[in-house]
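# Secondary and tertiary structure notes
Residues per chain, in single letters:
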Amino acid sequence: MSSHPHPSEPVGVTFAALTRPEAPAARYSALTGFRTLFYKEALRFWKVSFQTVAAPILTAMLYLLIFAHVLESRVKVYEGVSYTAFLIPGLVMMSMLQNAFANSVSSLIQSKISGNVVFILLPPLSHWEIFSAYVLAAMVRALVVGAGVLAVTVWFAWPNWSAPAWILTFALLSSAVMGTLGLIAGVWAEKFDQVAAFQNFVIMPATFLSGVFYSIHSLPTFWQNASHANPFFYMIDGFRYGFFGTSDVSPWTSLGVVCVTLLVCAATAIRLLKTGYKLRP
Amino acid sequence: MSAAIRIQNVRKRYGALEALAGVSLEIGEGEFFGLLGPNGAGKTTLISIIAGITRADSGSVAVLGHDVITDYRMSRKLLGVVPQELVFDPFFTVRETLRIQSGYFGLTRNDAWIDEVMFHLDLTNKANVNMRALSGGMKRRVLVAQALVHKPPVIVLDEPTAGVDVELRQTLWKFIRRLNQEGHTVVLTTHYLEEAEALCQRIGMLKAGRVVALDSTAALLARISGRQLLLTFREGHLPADLEAYALDPEGAARARKVTLRLHEMANLEMILARCRTSGAVIEDVELQGADLEDVFVQIMQGASA
């Protein structure tokens, strides 16, 4: 094998005369690729935060105003918990799920369609690094949006904070699941239309029908059973347990379902990235 | 000379289309290599396989000894690619774009080199301008800068001067030549054959996914023994029996200026003598050597025969 310099070192004679003498030499680190992609993904949504953060917070607040106004005096879900207070964790989690998904999928599909995905395909980024950076950035956006929704809705009804560890656990795991699903959809989709279809016909109904606005105990038996097949139900139910200490199913069951969902989604996404499915044809 | 890029029997098929039909090629370290071919010849597919953004159906590619599939991290670190498509990320400024690209290659505190690359590509005063606000030529410069941001020993430029002004071409070639002189291997695809002729030490020609010529530029030019003879007549015209020598035989016998292809220098005296005996008076004679375009046309015609 031929000997050659490390890529962080110049080849042959450098442009020494042109390089600022006081300038420090570039540093190479194995983790920098991942960190940079994560930073870029986070910066990407932050630069358009009016659309990616403020808008979903406003939407969640509108849901709260309308549903709470209409149903506050008519619906009683848990003993000692007002409907508005019940609604808040559901809205927070729904916003987190939708935004975690949107972050990964919109970034990838935009990059694919505009062609700039080549900038992450040419460097020596591994499938693990790409996966981790996209999912972590999606989680950050989800947490920022979730915190924002919580901050503007708690003024209407102060929820209990029965088990903060469960709140954090379900917030992190659920946004990771949705960031991963967004990644899968982004790799698979070839046009915006397919992404919109996935978002509007799968993600949106699944999040709406997962118990955001009601307890599944208020549903007929068939729909109760159907809800148990919806992983999003467990995300919201477990998250809500953290606030009220009561839920439709045990938080441990919810944790198990969410963990298995995350593992399946993560394994699928990593497999797609490793094989270069639709990215490296 | 060891291989900067070693391509062994690479095949790639897109459905019924055979984009690469068993390409084997070696590009030496420090070479300035030209990859030429008509549209659809497979140049970009080959470059995409070298860069790891397309996977070959069979065969292997290695960059400085590192396989692009099994040792992709090292091979990609050693490679800088300027893609053909004018792509950019609309969220960032030029400096942010270059810092991010640098980071993808594992580099931090790389601003000294980023500044230098921007200086050489006349991008310094655009450093803080958003990519969306740049002209096409400026975006092309940023693409080149992105490919060089990690100082790759092997640089691949896929039609980097397509649709850009003369100023950028000159700026770019000056910089790339300098990098080549410092030891970087450069692989260039271009439709501007005069660029390839002026810059490349060796040239490979692809047609329909096959290598149809691979030699030093000088040797390729020497393959064309034919030169061109430009005759300007003061009186009379080209004799009809010499029309076969004309580049454009139609109307050659009536034209005042005519260009003839000289397959052998020995024909020169015969042509001039024949013109004299036909009563024509020649005002001016000009003899031109072959250029790469002639070689290209001849090889492509030969390959299709």
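Residues numbered from 1 in each chain as written. Chains lettered and ligands numbered in written order. Predicted model: local features only at pLDDT ≥ 70, side-chain atom pairs only at ≥ 80, totals over all residues.

### A few points about the overall build of chain A
Going by this rule: Per the convention used, a helix needs a DSSP run of H or I reaching at least four residues, while a strand needs a run of E reaching at least two, with both numbered from the N terminus. For every residue, the other C-beta atoms within 10 Å of its own C-beta are counted; 20 or more classify it as buried, 12 or fewer as exposed, and values in between as partly exposed. C-beta atoms are placed from the backbone. It is the C-beta atoms, placed from the backbone, that decide contacts: two residues are in contact if theirs lie within 7 Å.
Counting its secondary structure elements, chain A contains ten helices and one strand. When the helices and strands of chain A are listed from N to C terminus, the series reads β-α-α-α-α-α-α-α-α-α-α. When burial is assessed residue by residue, chain A has 46% of its 281 residues classed as buried. Within chain A, residue pairs in contact and separated by at least 24 positions form 82% of the contacts whose partners lie at least 6 positions apart.

### Regarding the interface of chain A and chain B
Taken together, the 44 residues of chain A in the interface contact 44 residues of chain B. When residues of the side of chain A that touches chain B are traced back to their parent elements, those giving at least two are β1 (27–28), α1 (32–47) and α4 (118–121) of chain A. By residue number, the principal contributor to the side of chain A that touches chain B is α1 of chain A, which donates eight residues.

### A word on helix α5 (residues 136–148) of chain B
Here is the rule we go by: In a helix, the anticipated span is given by 1.5 Å times the number of residues less one.
Counted at 1.5 Å a residue, the expected span for α5 of chain B with its 13 residues is 18 Å, and the 19 Å between its end C-alpha atoms agrees. Most of α5 of chain B sits out of view: ten of its 13 residues are buried. Among the residues making up α5 of chain B, those that are buried are M138, R140, R141, V142, L143, V144, A145, Q146, A147 and L148 of chain B. Those residues of α5 of chain B that are buried are in contact with α4 of chain A together with β6 (79–82), α3 (94–104), α4 (111–120), β8 (154–158) and α6 (166–181) of chain B.

### Here we look at the environment of L230 of chain B
Residue and element names in this part refer to chain B. Considering the arrangement of structural elements, one finds L230 in strand β12 (residues 227–235). Its 14 C-beta neighbours within 10 Å are what place L230 among the partly exposed residues. In this structure the C-alpha to C-alpha distance between L230 and V258, which are 28 residues apart in sequence, comes to 5.9 Å. Apart from the residues lying within four places of it in its own chain, the contact partners of L230 are K257, T259, E286 and Q288.

### Details of the domain arrangement of chain B
To keep it simple, the criterion reads: Domain start and stop points were drawn from an automatic or database domain assignment.
What the domain assignment lists for chain B is domain 1 (1–78 + 152–163 + 175–224), domain 2 (90–149) and domain 3 (225–289). With centres defined by C-alpha atoms, the gap from domain 1 of chain B to domain 3 of chain B works out at 40 Å.

### Quick word on the sheet that holds strand β3 (residues 32–36) of chain B
All names here are of chain B. Heads up, the condition is: For two strands to be treated as a pair, DSSP must find no fewer than two bridges joining them. Think of each axis as a best-fit line through the C-alpha atoms, taken over the contacting stretch in the case of a helix, with angles from 0 to 180 degrees between the N-to-C directions.
With respect to topology, six strands assemble into an open sheet ordered β6-β8-β9-β3-β10-β11, the strand pairing being mixed. The open sheet has two edge strands, β6 and β11 (210–216), and neither has a second partner. Neighbour to neighbour, the strand axes of the sheet diverge by 15° on average, direction disregarded. Alignment of β3 against strand β10 (residues 202–207), held across four bridges, turns out to be parallel. Bridge pairing links F33 to R202 in β10. Contacts from helix α1 (residues 43–51) reach β3, β6, β8, β9 (185–189) and β10, with the element oriented near 150° to β8.

### Thoughts on the packing of helix α3 (residues 83–114) of chain A against helix α7 (residues 192–208) of chain A
Residues and elements named next belong to chain A. Rule in force here: Angle categories: roughly parallel below 35 degrees, roughly antiparallel above 145, roughly perpendicular from 65 to 115, and oblique for all the rest. Handedness of each helix crossing follows the sense of rotation of the near helix against the far helix: counterclockwise by less than a right angle gives left-handed, clockwise gives right-handed.
Contact pair α3 / α7: the axes reach a minimum separation of 11 Å and the direction vectors enclose 165°. The orientation of α3 relative to α7 falls into the category roughly antiparallel. Note on packing geometry: the crossing formed by α3 with α7 is right-handed. Where α3 approaches α7, its residues M94, L97, Q98, F101, V105 and I109 are matched on the opposing element by F192, V195, I203 and T207.

### Some words on the nonpolar core
Our working definition: In plain words, the nonpolar core is the set of buried Ala, Val, Leu, Ile, Met, Phe, Trp, Tyr and Cys residues that C-beta atoms within 7 Å link up.
I50, A145 and V156 of chain B are the most contacted members of the largest nonpolar core, which totals 154 residues. For this core, the leading source of residues is α3 of chain A, giving 17 residues. Other than its neighbours up to four places away in sequence, V156 of chain B contacts I47, I50, A51, L79, V81 and V187 of chain B. L229, L231, Y245 and A252 of chain B belong to the second-largest nonpolar core, a separate cluster that totals eight residues.

### Focus: the pairing of β9 of chain B
All names here are of chain B. Rule in force here: With strands facing away from the observer, any crossover in which the path from the first strand over the helix to the second runs clockwise is taken as right-handed.
The buried fraction of β9 amounts to five of the five residues, a majority that puts the element mostly inside the structure. The alternating pattern of β9 places T185, V187 and T189 on one face and V186 and L188 on the opposite face, and all of these are buried. As defined by bridge partners, β3 adjoins β9 across four bridges and the pair is classed as parallel. Counterpart to L35 in the pairing with β9 is T189. Sheet topology places β8 next to β9; five bridges connect them, and they run parallel. Paired with I155 across the two strands is V186, which belongs to β9. A crossover links β8 with its parallel partner β9, the connecting element being α6, and its sense is right-handed.

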